[in-house]
Amino acid sequence: MVSIINAPTQTEVIYPDSDGQPMANNTKQFHWILVIQQNLDWLYADNPNVFVAGDLFWYPVEGKPHIVNAPDVMVVLGRGKADRGSYKQWEEENIAPQVVFEILSPSNKPHEMERKLIFYERYGVEEYYIYNPENNQFWGWLRSEEGLEIIPSITSWVSPRLGIRFEPSGDKFEIYRPDNSRFFSYLEISQMLEQKQQQLEEKQQQLDEVQQRAEEAETRSRLLAEKLRSMGINPDDLT
C-alpha cells in the first residue's frame, strides 16, 4: 500500500483586530475621538461609499501583519460602510484612507508621532491632522508631489477632501461642516434635542390654550343665542 503525503500548506497569515490597548488614555482624548468620528459619520450618513472608523487597525500590505497602524479616526472615500474587524487595504480595491486624525494624550512620545507621520506618508494618506486637547494645539499635513508637507497656516483651514473647516483659537477648538454648522458632541446634541422638544411642548400648550379659549367663546356665544331665542329675540337680527 502506498501512502500519499500532502505537501504542507502555506502558513496562514494572522492579522489581529486588536493589540489589547485602550482606545484612549484619558477623557479629553476619548471625547475628541468620538466627536470627530461621530460627526464625520453624520456628515456622510447618506453617502454609502464613505467609510469612517475610529481606532481600527489598518493593514496596507498583504502578507505583512507587522505593518499596521490604528488611526484615532480615519476616512476612506470610495469604500462602503460595512462593518470590519480591520481595514485590509488589498481587500478594499487597494484604496488607502485619504484622511486620518490623531488625538494626542500625555503618553504619546515624539518618536511615536514621527513614526506615524512616516507611516501615513509612505502608505498614501492625503491629509493628516493632529490635535492636542491639553494645550489646544493643532497641526495638519497635506500631500504634495514631495509627500506629506506641513500646512503652514492651519487657522480656518478647510480640508480639501472633506470640506470641513478647523478653527483652533485661544482655549477652544471647533470644527465646522461645509454648511457652516459646528461639530457637536453627543451631549450637546441631546441637550439641543431636549430643548427643542421642550419648545415644541410649550408651543403645543399655547395652541391648546388658544383652542380652549376659542371653544369657551363659542360655547358662551351659543348659550347667549339660546337665551335670546328664549326671550323671543332672533340673534341673527342683531348682526
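Calculation criteria
Residues numbered from 1 in each chain as written. Predicted model: local features only at pLDDT ≥ 70, side-chain atom pairs only at ≥ 80, totals over all residues. Heavy atoms only, no water. Helix = DSSP H or I, 4+ residues; strand = E, 2+ residues; numbered from the N terminus. Buried < 20%, exposed > 50% of the residue type's maximum accessible area, 1.4 Å probe, protein only. Contact = heavy atoms within 4.5 Å. Areas by Shrake-Rupley, 256 points an atom, 1.4 Å probe, with all protein chains shown as cover. Patch = residues over 30% accessible without salt bridge, like charges linked within 9 Å, V, L, I, M, F, W, Y side chains within 5 Å. Salt bridge = Lys/Arg side-chain N within 4 Å of Asp/Glu carboxyl O. Lys, Arg positive; Asp, Glu negative; His and termini not counted. Charge placed at Lys NZ, Arg CZ, Asp CG, Glu CD. Pairing = 2+ DSSP bridges. Axes fitted to C-alpha atoms, helices over the stretch in contact; angles between N-to-C directions. Right-handed = clockwise from strand over helix to strand, strands pointing away. Expected span 1.5 Å × (residues − 1). Arc of directions from axis to C-beta. Polar contact = N/O pair within 3.5 Å; in protein donor to acceptor, adjacent residues only side chain to side chain.

(A) Structural view of the overall build of the protein chain. Each helix and strand in the protein chain was counted, giving three helices and 11 strands. Across the protein chain, helices and strands are ordered from the amino to the carboxyl terminus as α-β-β-β-β-β-α-β-β-β-β-β-β-α. Buried residues in the protein chain amount to 37% of all 239 residues. A separation of at least 24 residues holds for 56% of the contacts in the protein chain among residues at least 6 apart in sequence. Just so you have it, the protein chain exposes about 15,400 Å², and 51% of that area is on carbon and sulfur atoms.

(B) Quick look at a negative patch on the surface. Taken together, the side chains of E121, E145, E146 and E149 present a region of like negative charge at the surface. By secondary structure assignment, the location of E149 is in strand β8 (residues 147-150). Relative accessible area serves as the criterion here: at 39%, E149 is assigned to the partly exposed category.

(C) Structural detail: the sheet that holds strand β7 (residues 137-144). The six strands lie next to each other as β1-β3-β5-β6-β7-β8, forming an open sheet whose pairing is mixed. Bordering the open sheet on either side are β1 (50-54) and β8, each of which pairs with just one other strand. Put simply, the sheet's adjacent strands are angled 15 degrees from each other on average, direction ignored. Pairing geometry for strand β3 (residues 73-77) and strand β5 (residues 99-103), over three bridges, is antiparallel. In the sheet register, V75 faces β5, and the bridge partner there is V99. Strand contacts of helix α1 (residues 27-43): β1, β3, β5 and β6 (127-132), with the helix running at about 160 degrees to β5, the strand carrying the most contacts. Running at roughly 160 degrees to β6, helix α2 (residues 110-122) makes contact with β5, β6, β7 and β8 of the sheet.

(D) Spotlight on the sheet that holds strand β11 (residues 172-176). Spatial ordering of the open sheet is given by β9-β10-β11, a layout of three strands whose pairing is antiparallel. Strand pairing shows two members of the sheet lacking a second neighbour, β9 (157-158) and β11, which therefore form its edges.

(E) Inspection of the pattern of salt bridges at higher detail. Evaluation of the coordinates by the stated rule reveals 11 salt bridges. For K116, the salt bridge goes to E112, with nearest N and O atoms at 3.8 Å. In this pair, K116 and E112 are both assigned in helix α2, four residues apart and thus about one turn of the helix distant. You can call K116 buried: its relative accessible area is 9%. Put simply, K172 and E174 hold a salt bridge, and the shortest N to O gap is 3.7 Å. Judged by its relative accessible area of 45%, K172 falls in the partly exposed class. Within this structure, R79, R84, E92 and E93 form a network of salt bridges that share partners.

(F) Broad picture of the pairing of β5. Within β5, five of the five residues are buried, which leaves it mostly tucked inside the rest of the structure. Of the two faces of β5, the one lined by V99, F101 and I103 and the one lined by V100 and E102 are each fully buried. One ladder, built from five bridges, connects β5 with β6; its direction is parallel. Each residue of the ladder has a partner; that of V100, found in β6, is Y128. Once the chain exits β5 it traverses α2 before rejoining the sheet at β6, and the crossover so formed is right-handed.

(G) Geometry of α2. Relative to the 18 Å expected for 13 residues at 1.5 Å per residue, α2 spans 18 Å between its end C-alpha atoms, a close match to the ideal helical length. Taken together, the buried positions of α2 are occupied by M113, K116, F119 and Y120. The buried residues of α2 all sit within an arc of 115 degrees when viewed along its axis, so they share a single face. α2 presents P110, H111, E114 and R122 as exposed residues on the side facing more than 90 degrees away from its buried surface.

(H) Region of the structure containing the side chain of E174. With respect to the secondary-structure elements, E174 resides in strand β11. There is a polar contact of 2.5 Å between the side chain of E174 and the side chain of Y176. If we ignore the near neighbours within four places in the chain, the residues touching E174 are R165, F166, E167 and R182.

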